[in-house]
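Chain and residue survey
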Amino acid sequence: MEGQGLGHARSYVFTLALVLMTGAVLSLYVSPRRAHSQYDTLAIAEGRAVFQAVMAMREWTTEGGGVYVSPAERPIMNQYPQIARLDVACTRVVKLTRINHAQMVRMLSEVLTKDRGIGLHITSLQPLLARNAPDPWEKQALMSFSRGTPEAQTVVNAGLGDSVFRYMAPLKAER
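The structure contained in this document is the topic of the report that follows. (Residues numbered from 1 in each chain as written. Predicted model: local features only at pLDDT ≥ 70, side-chain atom pairs only at ≥ 80, totals over all residues. Heavy atoms only, no water.)

Observations regarding the overall build of the chain
Regarding its fold elements, the chain presents three helices and five strands. For the chain, with 175 residues in total, the buried portion stands at 21%. A fraction of 49% describes how many contacts in the chain between residues 6 or more apart in sequence connect residues 24 or more apart. Accessible surface for the chain amounts to roughly 13,300 Å². Of this, 61% is attributable to carbon and sulfur atoms. (Helix = DSSP H or I, 4+ residues; strand = E, 2+ residues; numbered from the N terminus. Buried < 20%, exposed > 50% of the residue type's maximum accessible area, 1.4 Å probe, protein only. Contact = heavy atoms within 4.5 Å. Areas by Shrake-Rupley, 256 points an atom, 1.4 Å probe, with all protein chains shown as cover.)

Remarks on the environment of Val156
Mapping Val156 onto the fold places it in strand β4 (residues 152-159). Considered as a pair, Val156 and Arg166 are ten residues apart in the sequence and their alpha carbons are 7.5 Å apart.

Considering helix α3 (residues 136-146)
When we look at burial in α3, the residues that qualify are Trp137, Glu138, Ala141, Leu142, Ser144 and Phe145. Within α3, the buried residues cover an arc of 160 degrees as seen down the axis, which keeps them to one side. Facing away from the buried side of α3 by more than 90 degrees, the exposed set consists of Pro136, Gln140 and Ser146. Phi turns positive one or two residues past the end of α3, at Gly148, with a value near 100 degrees. (Arc of directions from axis to C-beta.)

As for the nonpolar core
Counting nine residues, the largest nonpolar core is built from Val54, Val67, Val69, Ile99, Met104, Val105, Met107, Leu112 and Leu120. Of all the elements in the fold, those that place two or more residues in this core are β1 (67-69) and α2 (101-116). If you tally residues by element for this core, the top one is α2, at four residues. If you look at the next biggest cluster of nonpolar residues, it comprises six residues, including Trp137, Leu142, Phe145 and Ala152. (Core = buried A, V, L, I, M, F, W, Y, C linked by side-chain atoms within 4.5 Å.)

Let's talk about α2
Over its 16 residues, α2 runs 21 Å from end to end, which matches the ideal 22 Å to within 8%, given 1.5 Å per residue. Directly after α2, the chain includes Gly117, whose backbone phi takes a positive value near 75 degrees. (Expected span 1.5 Å × (residues − 1).)

Spelled out as structure tokens, the structure:
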């Protein structure tokens, strides 16, 4: 009888160990998936926030007819030389040049890329400049916008275990 009690105890301990190991394995499987889902939610929210901030800056710049900046800080290739009052000399020391919203976004992108690792890119299915041509993912997203899709996002493997979150939303052209 004593042997049976020991056998039951062993069986109980074995069953308990099996249940605990199964729980641990399930936890290892579920936790990364939950973390990945939370990463996606956070990345989408940040993508939307950056896009909305750029939209607000674009509206502000457009309503003001552009923004004057100092070309001494950073060389500016102005692709719209036909704009009246392009350059303004405030004093003998300060010279300002007017940029439009697209140039502002390009300059903002340089700062965000350098300081935060966030890149901005304005593109179109019919870009005015070849450097603004969409890559294959952007082209697919642009075509989906014409069908009413409000935004596009994806996570791309950037190599060496790194991944890059890409977010895109339509920026409607207005006169």
